[in-house]
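# Commentary on secondary and tertiary structure
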Amino acid sequence: MEFTKAIVRKPCKNLVHGLTNANIGLPDYDKAVNQHDLYVSALMNCGLEVLELPADENYPDSTFVEDVALLTPRCAIITNPGAPSRRGEVDTIKDTIAEFYNSVERIESPGTLEAGDVMMVGDHYYIGLSERTNAEGANQLIKILNRYEMTGSVVELKSVLHLKTGVAYLENNALLACGEFLSNPEFEKFNIIEIPLEESYAANCIWVNDRVLVPKGFPVTAGKIKAAGYRIIELDVSEFQKLDGGLSCLSLRF
Ligand code: CIR
């Protein structure tokens, strides 16, 4: 599989009012913008054409575009975020998605789903049941996927915000996993690359065309991914970590 495009959204000044349980301080806007610029450059270096949407001050968390849509090779699905303050974000991105996709589906209330809870492994999609994604939302997504000859299954989450807070698929049957996901039978068929708890934030990496973007400051994780044969790009995303956001959350890759 290869990605050719990505959609991102510039962080807004209201970023400081974003949702978070991290308790590691408030993000600095200028630093966030700088980190975001470097993130976009890294995606371009991986061969992606990047569409950058303008900042939207109405939605503090709107730079985390991953959550509002699931872009598959066969259709796009606009989600229905479980966080009330994020629900309106879908209306700010749907026209952009329609420019790239003929088939656009939607998750409807009472179903909720944030695509940070969805991990693509080929034609199969793992869906985390979280405080943001409910069973009804997951079922709607599985039905949509089935209509396009893809499949989905649910994974119960215990302590993480989103499924991809704790796991990342690096293609080639390799899965980065941390904490509750290390012993989850759903994932035992993968070659697990274990992320130590002290580096749990680094479980959210992204595979982009044979490179892996890794957050800066997590040497054990970086070493393990390199040892598994990947070329890595380390990026400082400290300001997004303060809002429980990681590398995957900052883009839609397709
Ligand atoms: C939120 O709580 O919704 C944002 N502050 C962070 C979203 C992170 N997104 C993701 O993990 N896909």
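Keep in mind it's a predicted model, so treat the numbers as computed, not measured.

Attention now moves to the overall build of the protein. Scanning the protein for helices and strands turns up 6 helices and 15 strands. Compactness check: the protein gives a C-alpha radius of gyration of 17 Å against a globular reference of 18 Å for 254 residues, within 12% of the reference. Expressed as lengths along the three principal axes of its C-alpha atoms, the size of the protein is roughly 45 × 40 × 35 Å. Of all 254 residues assigned to the protein, the portion counted as buried reaches 57%. For the protein, long-range pairs separated by at least 24 residues make up 67% of all intrachain contacts whose partners lie at least 6 apart in sequence. Accessible area of the protein: about 10900 Å², with a carbon and sulfur share of 48%. Of the charged side chains in the protein, 23 are positive and 36 negative; the average position of the first set lies 2 Å away from that of the second.

Surrounding the ligand, one finds 13 residues, the nearest of these being Leu19, Asp61, Asp67, Leu243 and Cys249. Between an oxygen atom of the ligand and a side-chain N or O atom of Arg132, the distance comes to 2.9 Å. Out of a free accessible area of 350 Å², the ligand has 98% covered by protein chains. When grouped by side-chain class, the residues that make up the shell around the ligand number 4 nonpolar, 3 polar and 6 charged.

Scanning the model with the defined rule gives 13 salt bridges in all. A salt bridge links Glu105 to Arg147, with the shortest nitrogen-to-oxygen separation between them at 2.9 Å. Highlighted residues: Glu105 in strand E5 (residues 104-106) and Arg147 in helix H3 (residues 135-147), separated in sequence by 42 residues. By relative accessible area, Glu105 is classed as buried at 17%.

Turning our eyes to something else, we now look at the pairing of strand E13 (residues 211-215). Counting buried positions over the 5 residues of E13 gives 4, a clear majority of the element. Taken together, strand E12 (residues 206-208) and the strand that follows it, E13, pair antiparallel across an intervening segment of 2 residues, in which Asn209 is found at a positive phi of about 50 degrees. For the segment spanning E13, helix H5 (residues 219-227) and strand E14 (residues 231-235), crossover handedness is right-handed.

Conventions adopted
Residues numbered from 1 in each chain as written. Predicted model: local features only at pLDDT ≥ 70, side-chain atom pairs only at ≥ 80, totals over all residues. Heavy atoms only, no water. Helix = DSSP H or I, 4+ residues; strand = E, 2+ residues; numbered from the N terminus. Rg over C-alpha atoms; globule rule 2.2 N^0.38 Å. Buried < 20%, exposed > 50% of the residue type's maximum accessible area, 1.4 Å probe, protein only. Contact = heavy atoms within 4.5 Å. Areas by Shrake-Rupley, 256 points an atom, 1.4 Å probe, with all protein chains shown as cover. Lys, Arg positive; Asp, Glu negative; His and termini not counted. Charge placed at Lys NZ, Arg CZ, Asp CG, Glu CD. Near = heavy atom within 4 Å. Polar contact = N/O pair within 3.5 Å; in protein donor to acceptor, adjacent residues only side chain to side chain. Nonpolar A, V, L, I, M, F, W, Y, C, P; charged D, E, K, R; others polar. Salt bridge = Lys/Arg side-chain N within 4 Å of Asp/Glu carboxyl O. Pairing = 2+ DSSP bridges. Right-handed = clockwise from strand over helix to strand, strands pointing away.

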